[in-house]
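Single-letter residue listing:
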Amino acid sequence: MVTPMRPDGSIDLDAAQRLAAHLVDLGHDGLVVSGTTGESPTTSAEEKDELLRAVVGAVGDRCVVVAGAGSNDTAKSVESVRLAEKAGADAVLAVTPYYNKPPQAGLVAHFTAVADASDLPVMVYDIPGRSGIAIARETYLRIAEHPRIAAVKDARGDLWFASEMMQLTGLDWYSGDDAMNLPHYANGAVGFVGVTSQVAPQAYRRLADAVLEGRWDDARAVHRALAPLVDAVMNVTQGAIMAKAGLAVQGLIESPTVRLPLVAADDAQTALVRDALQAVS
């Protein structure tokens, strides 16, 4: 879920609650608050806490609320987990530490510290294209032994590796790449954590339901219909920028404001999202 902001860059908690309710009303059974799509690198700990409490207050009795708690500083991640538990989160999402490229032993220690910090289940986020390092096979085997490391958000684009890890670890697997949702489902994933899904929640609900009910032809049809929207949101510029543009086009948030170094979508980019949305609906 994006973090709605006013034109001056301050967080709009009322808009966040409205957006959260809208997404749950239209089929989301979980929301990630203050993930990287929520611009977590540029929001403070206090802002994250207020945002999480607002969303839990709005929809916490109707869906799973997952708090983004990842960073490249283990101590900060641990503190984020503790705050998330106090704020009422159901689980936490922990991205692979980015930029500093720790060794695999460091990844084991990092994820273990995150999982030890509370009683909340942990979803590990494997995204080497952003973090600069992939979680290795042996690391998965070790962290899967932790009773609170429960799931993986997979954005590494390797279905064969994912298949092997599902078999060996027993972790719940989620697609973390909008273009790969259907292939991941076919490979055994239990769901997806998406960006584009918040601008077309009903279509993604139809996709998930078709898979769960074994209607693969219907699932493929939705998947293909969504391709232009996924391209517009994920492949033109940064995903949070385009997701906010799409939500603003639909009147679901008042402003597409993002915080620097991100910049809001320009007119041409906004038009791409608008056209793609019309094609989906």
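Structure shown above.
Residues numbered from 1 in each chain as written. Predicted model: local features only at pLDDT ≥ 70, side-chain atom pairs only at ≥ 80, totals over all residues. Heavy atoms only, no water.

Colleague: Can you help me understand the pattern of salt bridges in this one?
Modeller: Two side chains that carry opposite charge are able to pair once their charged atoms sit near each other. If you walk through the whole model with that rule in mind, you get 11 salt bridges. Across the pair Glu 164 and Arg 137 runs a salt bridge whose closest N-O atoms are separated by 2.9 Å. A residue pair is termed long-range when its members are at least 10 positions apart, and Glu 164 in helix H7 (residues 159–169) and Arg 137 in helix H6 (residues 137–143) qualify at 27 residues. Exposure remark for Glu 164: the relative accessible area of 29% places this residue in the partly exposed category. In this structure, Arg 215 engages Asp 218 in a salt bridge whose closest nitrogen and oxygen atoms are separated by 2.7 Å. Three or more residues joined by partner-sharing salt bridges are found here, namely Glu 213, Arg 215 and Asp 218. (Salt bridge = Lys/Arg side-chain N within 4 Å of Asp/Glu carboxyl O. Helix = DSSP H or I, 4+ residues; strand = E, 2+ residues; numbered from the N terminus. Buried < 20%, exposed > 50% of the residue type's maximum accessible area, 1.4 Å probe, protein only.)

Colleague: Just to check I follow, could you spell out the packing of helix H11 (residues 239–249) against helix H12 (residues 267–280) for this structure?
Modeller: Helix packing geometry: the angle between the two helix axes and the distance between the axes. The contact between H11 and H12 brings their axes to 9 Å, and the two run at 60°. The handedness of the crossing between H11 and H12 comes out as right-handed. Every residue of H12 that contacts H11 at Met 242, Ala 245, Gly 246 and Val 249 is listed here: Gln 269, Thr 270, Val 273, Arg 274 and Leu 277. When the residues that make up the contact of H11 with H12 are grouped by side-chain class, the tally is five nonpolar, three polar and one charged. (Axes fitted to C-alpha atoms, helices over the stretch in contact; angles between N-to-C directions. Left-handed = near helix turned anticlockwise from the far one by under 90°. Contact = heavy atoms within 4.5 Å. Nonpolar A, V, L, I, M, F, W, Y, C, P; charged D, E, K, R; others polar.)

Colleague: It is not clear to me how the nonpolar core should be interpreted in this structure. Could you clarify?
Modeller: Burial of nonpolar side chains together is a common tendency in soluble globular proteins. Leu 31, Val 55, Tyr 140, Trp 173 and Leu 229 are the most contacted members of the largest nonpolar core, which has 81 residues in total. Top contributing element to this core by residue count: helix H10 (residues 216–234), with seven residues. Ranked by size, the runner-up nonpolar core spans 11 residues in total, among them Ala 91, Val 95, Ala 151 and Ala 155. (Core = buried A, V, L, I, M, F, W, Y, C linked by side-chain atoms within 4.5 Å.)

Colleague: When you look at the sheet that holds strand S5 (residues 149–154) in this model, what are you seeing that I'm missing?
Modeller: Hydrogen bonds between backbone atoms are what pair the strands of a sheet, whose relative direction is either parallel or antiparallel. Judged by pairing direction, the sheet is parallel, and its seven strands sit side by side in the order S1-S2-S3-S4-S5-S6-S7 without closing on themselves. Across the chains shown, the open sheet's two edge strands, defined by having one partner strand only, are strand S1 (30–33) and strand S7 (191–192). Examined bridge by bridge, strand S4 (residues 122–126) and S5 share five bridges and lie parallel to one another. For Val 124, the partnering residue across the bridge sits in S5 and is Val 152. Sheet strands in contact with helix H4 (residues 104–116) are strand S3 (91–95), S4 and S5, and its direction is about 165° off that of S3. (Pairing = 2+ DSSP bridges.)

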